[in-house]
Amino acid sequence: MSAQDAKTPVPTALPLKTIGDIRAALRSGHGFPGDRESFDADLQRALEASSETDPNAVATVIVDYRGRIRLHQGPGFDIAVQEGIDLAARLKQEEQGR
C-alpha cells in the first residue's frame, strides 16, 4: 500500500443540478440545521416574487442552498463548527466570571 492509498478519500461532490438533487441532499442531512424545512418556503417566496422574464430570485435561492450543501461537504466543516461552539461556550463562561 502506498502513502497515497493510505490517505482518507475525499468525498465526491453531490450532484446538485436540479431542485430534486438539492432536496435529496437536504433530506440526507447535508446543509445547515433547518435548511431542509426552509428550502421549499424560500423557493416558493422567490417564485412569487419573480416575473416570467426575470427568474433571478429563484436562481439566488438555488445558488444559496447549493453553497450551503457544498460547505457542509467540505473537509474540516465539522471541526470548524465544533471550534465555534467551543469558542462561544468559553466566551460565555468568561463573561459570567466577571
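None of these values were measured; they are calculated from a predicted model.

Caption draft 1: Focus on the overall build of the protein. Assigned secondary structure in the protein consists of five helices and zero strands. Expressed as a percentage of its 98 residues, the buried residues of the protein come to 16%. Taking the contacts inside the protein whose residues are at least 6 apart along the sequence as the reference set, 55% of them involve residues at least 24 apart. By element, 56% of the accessible surface of the protein is carried by carbon and sulfur atoms, the whole surface being about 7,500 Å².

Caption draft 2: Focus on the nonpolar core. With 11 residues, the main nonpolar core is built from Leu-16, Ile-22, Ala-25, Leu-26, Phe-39, Leu-43, Ala-46, Val-58, Val-61, Tyr-65 and Ile-69. Looking at which element gives the most residues to this core, the answer is helix H4 (residues 56-73), with four residues. Beyond its immediate sequence surroundings of up to four residues, Ile-22 is in contact with Leu-16, Phe-39, Ile-62, Tyr-65, Arg-66 and Ile-69.

Caption draft 3: Just the side chain of Asp-35, in detail. Checked against the element boundaries, Asp-35 lands in helix H3 (residues 35-49). You can call Asp-35 buried: its relative accessible area is 2%. Non-local contacts of Asp-35, meaning those with residues more than four positions away in its chain, are made with Leu-26, Tyr-65 and Arg-68.

Caption draft 4: Expanded view of the packing of helix H2 (residues 19-27) against H3. Here H2 crosses H3 at 155°, and the two axes come no closer than 9 Å. In terms of orientation, H2 lies roughly antiparallel with respect to H3. Between H2 and H3, the contacting residues are Ile-19, Ile-22, Arg-23, Leu-26 and Arg-27 on the first element and Asp-35, Arg-36, Phe-39, Asp-40 and Leu-43 on the second. A breakdown of the residues in the contact of H2 with H3 according to their chemical character gives five nonpolar, no polar and five charged.

Caption draft 5: Structural view of H3. Along its 15 residues, H3 runs 20 Å from first to last C-alpha, staying within 8% of the 21 Å computed at 1.5 Å per residue. Buried residues in H3 make contact with H2 and H4.

Caption draft 6: Region of interest: the environment of Leu-16. With respect to the element layout, Leu-16 can be found in the loop between helix H1 (3-6) and H2. A sequence separation of 51 residues divides Leu-16 from Gly-67, and the C-alpha atoms of the two residues are 9.9 Å apart. Dropping the residues within four chain positions of it, Leu-16 is found in contact with Asp-21, Ile-22, Ala-25, Arg-66, Ile-69 and Arg-70.

Parameters and conventions
Residues numbered from 1 in each chain as written. Predicted model: local features only at pLDDT ≥ 70, side-chain atom pairs only at ≥ 80, totals over all residues. Heavy atoms only, no water. Helix = DSSP H or I, 4+ residues; strand = E, 2+ residues; numbered from the N terminus. Buried < 20%, exposed > 50% of the residue type's maximum accessible area, 1.4 Å probe, protein only. Contact = heavy atoms within 4.5 Å. Areas by Shrake-Rupley, 256 points an atom, 1.4 Å probe, with all protein chains shown as cover. Core = buried A, V, L, I, M, F, W, Y, C linked by side-chain atoms within 4.5 Å. Axes fitted to C-alpha atoms, helices over the stretch in contact; angles between N-to-C directions. Parallel < 35°, antiparallel > 145°, perpendicular 65-115°, else oblique. Nonpolar A, V, L, I, M, F, W, Y, C, P; charged D, E, K, R; others polar. Expected span 1.5 Å × (residues − 1).

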